[in-house]
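Observations on the model geometry
Here is what each chain is made of, one letter per residue.
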Amino acid sequence: MRIFFTGGSGKAGRHAIPVLKAAGHTIVNADRAPLGLDGVDDLNVDLTDGGQVWNALTMIGNLGELDGEAPPRFDAVVHFAATPRILIEPDDATYRNNVLSTYNVIEAAVKLGIPKVIFASSETTYGICFARGELKPDYVPVDEDHPTVPHDSYGMSKVTGEVIGRSFQARSGTDIYGLRINNVIEPHEYKRDFPAYVENPDLRRRNIFAYIDARDLGHAVERCLRTDGLGYRVFNIANADPSVDLTSAEIAERWYGGVPMRREMGERETFYDITRAREELGFEPKYSWREELGRT
């Protein structure tokens, strides 16, 4: 496929794009900073400017495409670009940047007839990550039906992005899939960070004790590209195991006392339920922090 990928130079994108490239896709990376990966075309685009977005999606991706009769249409858009969390910009700037860019990208993709849009939503939509004090889930494991009432500008922008996606899908019939991505972990971060999580599991409470390997996130995007006909859908995206060295029962007893448990869980199963992504996309995470640290 010919893919327009926004934010491909960021923490998630720089690992997801190589997975897609290895699968044979042609990629234009729309970002304010270049990725610099051989075989991937970089384009500097201000995604909060609707005119720039429209132009970027209708122009050639590289000089080699000059020999074609017209700029080839993109087969899919993957929208990862965003201010990635709170406390980077003022709250209103975070909200404005994320909402405007998502609106511009999805609107242009739909009006240009691009048949598949995949956009990054977030674990923060559930409200737990950036709440003041401790906010517990309404139930566990947390699935996509859990209420989304964020307490912060970033989570609010992601909920708004989901509304944008649902609205454009309803009017167009385009497949638009939102990925509620958990805490993204790069390969080098296992040895750097996870020993502290083993020592002090409280560090992972705000992430619902979950994580997603950046390479597995690329795999999730690839599964979305290969899965047609779902209309509008949101998916929790995480690795299969918790990010701490405790069993599911130990986590539930220590942090989720009094929280309803919707079903029995595996011995070491993520509390960030990925059942839907497994069943509807065929997503199966390949990596585990235990294997990366030799603690299997």
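Summary of the structure given here. Only a predicted model underlies this, so the values are computations on that prediction, with no experimental measurement involved.

1. Here we look at the environment of Phe194
Relative to the assigned elements, Phe194 resides in helix α5 (residues 189-199). Residues Phe194 and Val244, 50 residues apart in the sequence, show an inter-C-alpha distance of 7.9 Å. For Phe194, the residues in contact, after removing those within four places along its chain, are Ile185, Glu189, Tyr211, Ser243, Trp289 and Leu293.

2. Considerations on empty space enclosed by the protein
Under the definition given, this model contains two cavities of 30 Å³ or more. Within this model, the largest cavity holds a volume of roughly 40 Å³. Ile128, Glu134, Leu135, Lys136, Pro137, Arg205, Ile208, Trp255 and Tyr256 together form the lining of the largest cavity. Counted as a void, the second largest cavity has a volume near 30 Å³. Taken together, the elements giving at least two residues each to the lining of the second largest cavity come down to α3 (91-111), β5 (116-122) and α4 (153-172). At three residues, the largest contribution of residues to the lining of the second largest cavity is made by α4. Partitioning the lining of the second largest cavity into residue classes produces two nonpolar, four polar and one charged.

3. A look at the packing of helix α1 (residues 13-22) against helix α6 (residues 214-226)
Packed helices, taken two at a time, are described by the angle between their axes plus the distance between the axes. Their axes nearest at 7 Å, the elements α1 and α6 cross at an angle of 50°. It follows that α1 is oblique to α6 by the angle criterion. The crossing of α1 and α6 is right-handed. Taken together, the residues of α6 that come into contact with α1 (itself represented by His15, Ala16, Val19 and Leu20) are Ala214, Arg215, Gly218, His219, Val221, Glu222 and Leu225. Looking at the contact of α1 with α6 residue by residue, the class counts come to six nonpolar, three polar and two charged.

4. Let's talk about the packing of aromatic side chains
Per the counting criterion, the structure on display carries 13 aromatic pairs. Taken together, a centroid distance of 5.2 Å and an interplanar angle of 45° make the contact between Tyr190 and Phe194 tilted. Within this pair, Tyr190 and its partner Phe194 are both found in helix α5, separated by four residues, close to a single helical turn. Measuring from centroid to centroid gives 4.7 Å for Phe209 and Trp255, while their planes differ by 50°, and the two rings are tilted. Note that Phe209 is positioned in the loop between α5 and β8 (212-213) and Trp255 in helix α7 (residues 248-255), a separation of 46 residues in sequence.

5. As for the packing of α3 against α4
Following both chains from N to C, one finds α3 and α4 inclined at 15°, their axes separated by 9 Å at the closest point. Overall, the two elements α3 and α4 adopt an arrangement that is roughly parallel. Where α3 crosses over α4, the handedness of that crossing is right-handed. Residues Asp91, Thr94, Tyr95, Asn98, Val99, Thr102, Tyr103, Ile106, Glu107 and Val110 of α3 lie in contact with α4, whose contacting residues are Ser153, Tyr154, Met156, Ser157, Thr160, Gly161, Ile164, Gly165, Phe168 and Ser172. For the contact of α3 with α4, the class distribution of residues is nine nonpolar, nine polar and two charged.

Cut-offs and rules
Residues numbered from 1 in each chain as written. Predicted model: local features only at pLDDT ≥ 70, side-chain atom pairs only at ≥ 80, totals over all residues. Heavy atoms only, no water. Helix = DSSP H or I, 4+ residues; strand = E, 2+ residues; numbered from the N terminus. Contact = heavy atoms within 4.5 Å. 1 Å grid on protein atoms, 1.4 Å probe; cavity = no way out; pocket = protein on both sides within 12 Å on 5 of 7 lines; lining within 4 Å. Points joined across faces, edges and corners; volume = space filled by probe spheres on them. Nonpolar A, V, L, I, M, F, W, Y, C, P; charged D, E, K, R; others polar. Axes fitted to C-alpha atoms, helices over the stretch in contact; angles between N-to-C directions. Parallel < 35°, antiparallel > 145°, perpendicular 65-115°, else oblique. Left-handed = near helix turned anticlockwise from the far one by under 90°. Phe/Tyr/Trp six-rings, centres within 6.5 Å; stacked < 30°, edge-to-face > 60°.

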